[in-house]
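# An overview of the molecular structure
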Amino acid sequence: MEALIQTIVKPLVDHPDQIAVVQKEEPSKVIYHLTVHPADVGKVIGKNGRIAKAIRTVVYAASSDSKKRIYLNLM
C-alpha cells in the first residue's frame, strides 16, 4: 500500500525524494501518514481537497479486501 501511495503522489510534487509514508497498525485499523516537502503540501491537497480525496478513494478501493479500516493522513 505504501508503494501505491508513493506512486500516486510522486508525479504531483516537485520534491519526490522527500515523500515519506509511515504505516501505523492498530487492532481495528491501519493508518498511513503521508509526509511531503512543505512546498508540495498544497499540490497534494489540491483545490478544496479534491486531489487528497481522490488519493484516499484509490487507497480505500485498493484495500477493500482488508478487514481493517484504512485511513490516510496528510502531513
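Residues numbered from 1 in each chain as written. Predicted model: local features only at pLDDT ≥ 70, side-chain atom pairs only at ≥ 80, totals over all residues. Heavy atoms only, no water.

### As for the sheet that holds strand β1 (residues 20–25)
Keep this limit in mind: By definition, two strands form a pair when at least two bridges between them are found by DSSP. Working definition: helices are DSSP H or I runs of at least four residues, strands are E runs of at least two. Numbering for both runs from the N terminus. Interaxial angles span 0 to 180 degrees and are taken between N-to-C directions of axes, which are lines fitted to C-alpha atoms, for helices over the stretch in contact.
Strand order in the open sheet formed by three strands is β1-β2-β3, and the pairing between neighbours is mixed. Each edge of the open sheet carries a strand with a single partner, namely β1 and β3 (69–74). Strand-to-strand twist of the sheet, defined as the mean angle between neighbouring strand axes without regard to direction, takes the value 20°. Summarising the sheet, β1 and strand β2 (residues 29–35) pair through six bridges and their orientation is antiparallel. Its bridge partner lying in β2, Val21 is registered against Leu34.

### Remarks on unusual backbone geometry
The backbone phi angle of Asn48 is positive, close to 55°, even though this residue is not glycine. Residue placement: Asn48 occurs in the loop between α2 (41–45) and α3 (50–62).

### Some remarks on α3
The test is simple: What a helix should span is 1.5 Å times the count of its residues minus one. Partly exposed describes any residue whose relative accessible area lies between the buried limit of under 20% and the exposed limit of over 50%, with all areas from a 1.4 Å probe on protein chains only and scaled to the type maximum. The arc under discussion is defined with respect to the helix axis, by the directions toward the C-beta atoms. Residue contacts are defined here by distance: any two heavy atoms, one from each residue, within 4.5 Å place the two residues in contact.
Spanning 13 residues, α3 covers 18 Å between terminal C-alpha atoms, matching the ideal 18 Å at 1.5 Å per step. Within α3, the full set of buried residues consists of Ala52, Ile55 and Val59. Mapping the buried residues of α3 onto a view down its axis gives an arc of 65°, with all of them on the same face. The exposed set on the far side of α3, more than 90 degrees from its buried face, consists of Arg50, Lys53 and Ala61. Contacts from the buried residues of α3 go to α1 (2–9), α2 and β3.

### Quick look at the pattern of salt bridges
This is how it is decided: Every case where a carboxyl oxygen of Asp or Glu lies within 4 Å of a side-chain nitrogen of Lys or Arg is listed as a salt bridge.
Within the structure shown, the criterion is met by four salt bridges. As a salt-bridge pair, Glu25 and Lys68 come within 2.6 Å of each other at their nearest N and O atoms. Residue Glu25 is found in strand β1, and its partner Lys68 is found in the loop between α3 and β3; the two are separated by 43 residues along the sequence. Residue Lys68 is classed as partly exposed on the basis of its relative accessible area of 26%. Taking the shortest distance from any N to any O, the salt bridge between Glu26 and Lys29 comes out at 3.7 Å. Lys29 gets classed as partly exposed once you look at its relative accessible area, which sits at 26%. Within this structure, Lys24, Glu26 and Lys29 form a network of salt bridges that share partners.

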